[in-house]
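Inside the fold
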Amino acid sequence: MSILVGRSTRLVVQGITGREGEFHARAMLEYGTPLVAGVTPGKGGQRAVDGRVPVFDTVAEAVEATGANTSCIFVPAAGAPDAILEAVAAGIGTIFCITEGIPALDMIPVVAAVEAAGARLVGPNCPGATSPGEAKVGIIPGAIHRPGRVGVVSRSGTLTYEAVQAMTDAGIGQSTCVGIGGDPIVGSSFVDVLRLFAADPETGAIVLIGEIGGSAEEEAAAWAADHLADRPKVAFVAGRTAPEGRRMGHAGAIISGGRGTAASKVAALEAAGFLVASSPSEIPALLRSAGVRD
Amino acid sequence: MSILVGRSTRLVVQGITGREGEFHARAMLEYGTPLVAGVTPGKGGQRAVDGRVPVFDTVAEAVEATGANTSCIFVPAAGAPDAILEAVAAGIGTIFCITEGIPALDMIPVVAAVEAAGARLVGPNCPGATSPGEAKVGIIPGAIHRPGRVGVVSRSGTLTYEAVQAMTDAGIGQSTCVGIGGDPIVGSSFVDVLRLFAADPETGAIVLIGEIGGSAEEEAAAWAADHLADRPKVAFVAGRTAPEGRRMGHAGAIISGGRGTAASKVAALEAAGFLVASSPSEIPALLRSAGVRD
Amino acid sequence: MKIQEADAKSLLAAQGLPVPPWQVARDPSAARAAAERFFAAGAERVVVKAQVLVGGRGKAGGVRLAATPDEAEAVARAILALTIKGIPVRKVLVSPAADIVAEYYLAALVDRSARRILVMGSAEGGVEIEEVAARNPAAIVRIHADPYLGLLDWQARRIAFALGLGAHLREAVAIAKGLVATMRANDADLVEVNPLALVREVGPEGIPTERLVCLDAKVTLDDSALPRHPELEAMRDLDEEDPVDLEARRHDISYIRLDGTIGCMVNGAGLAMTTMDLVKRAGGEPANFLDIGGGARADRVAAAMRLILADPNVRAILVNIFGGITRGDEVARGLLEARAAQARTVPMVVRIVGTNADEARRILEAADVETATSLDEAAAKAVAAAARVGPMAAAEPSEANR
Amino acid sequence: MKIQEADAKSLLAAQGLPVPPWQVARDPSAARAAAERFFAAGAERVVVKAQVLVGGRGKAGGVRLAATPDEAEAVARAILALTIKGIPVRKVLVSPAADIVAEYYLAALVDRSARRILVMGSAEGGVEIEEVAARNPAAIVRIHADPYLGLLDWQARRIAFALGLGAHLREAVAIAKGLVATMRANDADLVEVNPLALVREVGPEGIPTERLVCLDAKVTLDDSALPRHPELEAMRDLDEEDPVDLEARRHDISYIRLDGTIGCMVNGAGLAMTTMDLVKRAGGEPANFLDIGGGARADRVAAAMRLILADPNVRAILVNIFGGITRGDEVARGLLEARAAQARTVPMVVRIVGTNADEARRILEAADVETATSLDEAAAKAVAAAARVGPMAAAEPSEANR
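Report on the accompanying structure. Note that this is a predicted model, so its numbers are computed, not measured. (Residues numbered from 1 in each chain as written. Chains lettered and ligands numbered in written order. Predicted model: local features only at pLDDT ≥ 70, side-chain atom pairs only at ≥ 80, totals over all residues. Heavy atoms only, no water.)

Some remarks on the pattern of salt bridges
A side chain with one charge can pair with a side chain of the opposite charge if their charged atoms come near. Counted only if it meets this: Whenever Lys or Arg places a side-chain nitrogen within 4 Å of a carboxyl oxygen from Asp or Glu, that contact is recorded as a salt bridge. Secondary structure is summarised from DSSP: a helix means a run of H or I of at least four residues, a strand means a run of E of at least two, and numbering begins at the N terminus for each. Burial here depends on accessible area, computed with a 1.4 Å probe over protein chains only, as a share of the maximum for the residue type. Under 20% is buried, over 50% is exposed, and the range in between is partly exposed.
All chains considered together, the criterion is met by 74 salt bridges over all chains. A salt bridge links C:R388 to C:E370; its shortest N-O distance comes to 3.8 Å. Of this pair, C:R388 sits in helix α13 (residues 375–389) while C:E370 sits in strand β18 (residues 370–371), placing them 18 residues apart in sequence. With relative accessibility at 29%, the residue C:E370 sits in the partly exposed group. The closest approach of N and O atoms between D:K9 and D:E5, which form a salt bridge, is 3.0 Å. In this pair, D:K9 and D:E5 both sit in helix α1 (residues 5–14), four residues apart, roughly one turn of the helix.

As structure tokens, this is what we get:
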């Protein structure tokens, strides 16, 4: 088993005929993801990715024709909020928005609408999720994974790859790796993903990769202390040396008014029973020491 | 028993210190309605209606202090949509909005928010509801009622009074009389109220008072045919002689493009088993002929 | 409130929608001058359209083409001489004629059942949507705008695809969203573009292009929202408005002039319609719909009396006040005062229900006013009273009243 | 993007919020002229405030009162000579001094946890909200605006009552809603008014009145939304911006200058911060945060190299590219080209992971570039390389770089 993406995924890629969309759609197909449809308004009836994927004008048509239940969005920032709402209205249950640069205030009504509809959004500005050996949705390189029982959740892109690669190199496989995105407003929080891992019998341990800014790591720690007490938990927090008041790349990563520091996050995670690595390379050893075997 | 208002009602009047609000609050109190609080922002701490009703600045405070569960709104049109949203947010389950003149587009997000919160709105521009002998909320004159088993639902104000008076004069009592209001966008439709009557064992028969414009009567007829087949049903439709294309008072009452005619409504109601009166004065006799006794 | 095509187009244009240029003319020479300007700017023909607030002007000969300034003037003269559904044509709109490739229907309106804004579109434009609905309902696409966010892009795209406008997706999306934006910006009940036309134009280098334009537009405004849009009040067409309507509005009275002889004064719209229905059932014809609203205040009663008596067709007045909370004796006194202030006297039948109704009856009967207990009785008595007055004397023709 | 107080106030004023008049001056005589105008208009005193994009200017002596034009000029001269938290003061804001009755705090910001706009208010204004939060959390009222409709009137009233502003309800409601409106109109992350002040003013007839005004304002804008607000780009304070920031932004690179010696070039913000952390852990000091973003395109690699080498403190460069899908050999070639184009050479340690990483390593080693497999190893090697270069020679002082 796995969370969010897996064998029952039937994926539609919104923005499939764009450069990014087509490139990653091909990588997903090659990974074995059940990618059943693409959407580009005005290109309905064409086929994308060397003719392997039918393209529709609307998500509703794609769902009707192919039974798609998951969407991956590569639409530019100006159109991405609308693409999410279109997916929700078409009955898509799980939506990954890869698009970066969406203004935060644009996302506020969108996440409210997603929630009201009972759908799930991961991102925006997220790398997606992979359930190794089953399916990958998004842009995480497939080759870094190894099937296994550790659930990985992260606010970062390449830092996640770093951590996952280290695990794979050490022979520790993953149940699902989820990048939730670093934007200020995202559809799924650490807690939302941990809740799914907690309910997944095939996820035996947790790796959480956080960074400075906000309080998502502290909230995740508090939740994990109550609901994941019995599972091995390892964490890493980026930005221990970041100065206050300067934004580190993402809109999310900023320490302000003394809040959102790495120290606060590390303390909260340790208090909740996480082993906290001081380099991504330490994660496999910490997992081993917490009792993880494969 | 009764619907919407009754012995378990604990009423807060929003806009209680206004002329209309205080006048009708007094009439409701005199009828025996459990009116527990009033709200006027900035007049919190005062008492209204000869000192009989405590006034609060916010609905939330009124609910906390008095356990109010029903609201009646007399706030002017510019502030009434906000007053409804305030009541919803404070956990009020049943809201009557008496205010007239609220622009239709203002009500669209409000009814959506009421629905999303699982609350119930009657009106705006409605006379309210009375459960004779139990409670009256709104502006329907208390004296016209008589306790009984006929549920009355209407889009009109004084026309309802006319019909109810005729029933009372003939010795036929009412379980609850509900005026849903004649505005284009109202919180509760005929069908919404009929659904409540259908679930009320103390409501033995139905009187529906419609008028030209829209298709609410046709929708009510279709619903009643399926769900109220076993109960006596009498209807009256105002506007048989109204010309097409002219708005008859309410924004609602207009025949346009051949739709919304009295003939269409009468036909639909008769097909659904309603006896349709050609004057309000005929309603009691039709109820009798349909088997209503008291 | 209905507004004229030219005003509707200005509201669309303010939201950035493509509307062909136009000019309003009140006489043939002004129409000619407008046509000359459009010809000078390259138009091959102009269209001259009657500006009246009723439908069916096309069938009535109110829309005609002209290929020269002379012809435009002649056509305008002919149209300005028309009376369409009782409304004399006082203005025409002159516009360059479009080279139409295809016509569509697109409208945004308040959908009461769904409690949402509904956007309706059809590839069968240029005809009444009711006809299409009756003949081929599947040809109409219906999308409800989001109650909070308005018409979303994907919804607008869906409409565009349903209309077969995939090749003009961006324009069609902008227009569909623009209709809803126009609605929201002005608190309109209805914003209808029919036809939305795909027109052929020749670009600067002689290359023909096709684009979508709003060839006709109909907007009705929500009366309840007019107080917050004072600029829209200027669009009220006083040409077509009965002066008594103005007077009624000033007193917050809902008044609609009809063709009968029994003047009605009622509180409440539903009860007012019912009163009209019962007058008709009793063999009479109502002269008006009149709702004096809540409270039946003395000044409104007086204004209502003036409005009713200003109609020379009125031969009896039926007053039906279901007081509820209002004191009947006060209403009765107000009625007597109002009648005393009028020069013209016609028989009056009064029914007052509610607090102090008995005293009201005594006051009225003391003043020789006929009273009634039930509404049916009141209607019958009013019809009889009008009949006693006999056929109308030398009343002014109703047209003079407009 | 942070903007100066004066710009923040202009955004508030554009939403109709009460902001006292102000003038920005870049030298003492302009400050004097501004003060003279305010004195002429009736001000008893003026306030002169340093315009810098860092907090704590009050404690640093950057906010002072003046009772005469002479004094205003002197005070402005003193403030313009200050350097606050490393930022030289280049502008002052001059404004009539208010007669403050009470100070409040009011702000609207993006609440990530709740995924809503949060409005926070406190009756303890004029101090940092973090202080109030730490000392007396119950003194802060927090209301989340509706995700679709913004701050509703009842929510604004609730804030006003919580702040004890029931006597100024209408003003307080307008201001609370105005903060959210300012946020939405400009895509701000934060709109803070501290203090929101109740000030005493003397009316035309000598009667004192009290009203609420926004005495100070702080606004930060969402960088992601700047492309759709081109007018706000003009509010970017180039005075306070390092020219390299401008260059970085032009290439879509996230660059932050720090005080260390190890220049970092990384793809991904989280990985870039981690790289800095590991440099520190290995005993070094990062010279910068630098995220070249996705794809590691050759032009961006070259620009990043220029940015890093423009910092004279840099004595070694650490490149850490987790390619994933990017081809490592292309990145390696891009790096060599970029280095070749630079006049200055410092040791470079490169770690490239992903497709064709082995080939990348061969290319780099053939060019005598040190490589590393793990991130920890790369950090250690970079720190060692910097140490070999030895203490800095006659590098330019970093201030000259600004």
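Comments concerning the interface of chain A and chain C
How big an interface is tends to be stated in terms of accessible area lost as the parts join. As a reminder of what qualifies: Contacts were defined at the residue level, with two residues in contact if any of their heavy atoms lie within 4.5 Å. Put simply, buried area is how much 1.4 Å-probe accessible surface two parts lose in total, over both of them, once they are put together. Definition of a polar contact: a pair of N or O atoms within 3.5 Å, with one able to donate and the other able to accept a hydrogen when the atoms are protein atoms, and with sequence-neighbouring residues admitted only if both atoms are side-chain atoms.
Between chain A and chain C, the residue contacts involve 10 residues of the former and eight residues of the latter. Across the interface of chain A and chain C, roughly 830 Å² is buried in total on both sides, 72% from carbon and sulfur atoms. Viewed at the interface, chain C and chain A are joined by two salt bridges. Measuring nitrogen to oxygen at the nearest pair gives 3.3 Å for the salt bridge that ties A:D82 to C:R157. Taken together, chain A and chain C are joined by four residue pairs in polar contact (both at pLDDT 80 or more). Here the side of chain A that touches chain C takes four residues from helix α3 (residues 80–89) of chain A, the largest share from any one element.

Quick word on the sheet that holds strand β10 (residues 147–154) of chain A
Residues and elements named next belong to chain A. Put simply, the rule reads: By the convention used here, strands pair only if DSSP detects at least 2 bridges between them. What counts as an axis is a line fitted to C-alpha atoms, over the stretch in contact for a helix, and the angles between N-to-C directions run from 0 to 180 degrees.
Spatial ordering of the open sheet is given by β9-β8-β11-β10-β12-β13-β14, a layout of seven strands whose pairing is mixed. Of all the strands in the sheet, the pair left with one neighbour each is β9 (135–138) and β14 (275–277). For this sheet, the mean inter-axis angle between neighbouring strands, taken without regard to orientation, is 15°. The pairing of β10 with strand β11 (residues 174–179) spans five bridges and is parallel. Across the sheet, S154 pairs through a bridge with G179, a residue of β11. Packed on one face of the sheet, helix α5 (residues 158–169) meets β10, β11, β12 (205–211) and β13 (233–238) and runs near 160° to β10. Its contacts with the sheet place helix α8 (residues 262–271) against β12, β13 and β14, and it is angled at close to 175° to β13.

Topic: empty space enclosed by the protein
Residues and elements named next belong to chain D. As a reminder of what qualifies: Put plainly, a pocket is an open set of points on a 1 Å grid over the protein atoms alone with protein on both sides within 12 Å along at least five of seven lines, a cavity is a set where a 1.4 Å probe fits but cannot get out, and a lining residue has an atom within 4 Å of a point. Grid points are joined across faces, edges and corners, and a volume is the space filled by probe spheres set on the points.
Counted according to the given criterion, the structure contains two cavities of 30 Å³ or more. One number sums up the size of the largest cavity: a volume of about 40 Å³. Contributing to the lining of the largest cavity are L106, A156, I159, A160, L163, L165, A172, A176 and L196. Those elements that provide at least two residues to the lining of the largest cavity are α5 (153–162) and α6 (169–186). With three residues, the top contributor of residues to the lining of the largest cavity is α5.

Remember that the coordinates give geometry; whether it matters functionally is a separate question.
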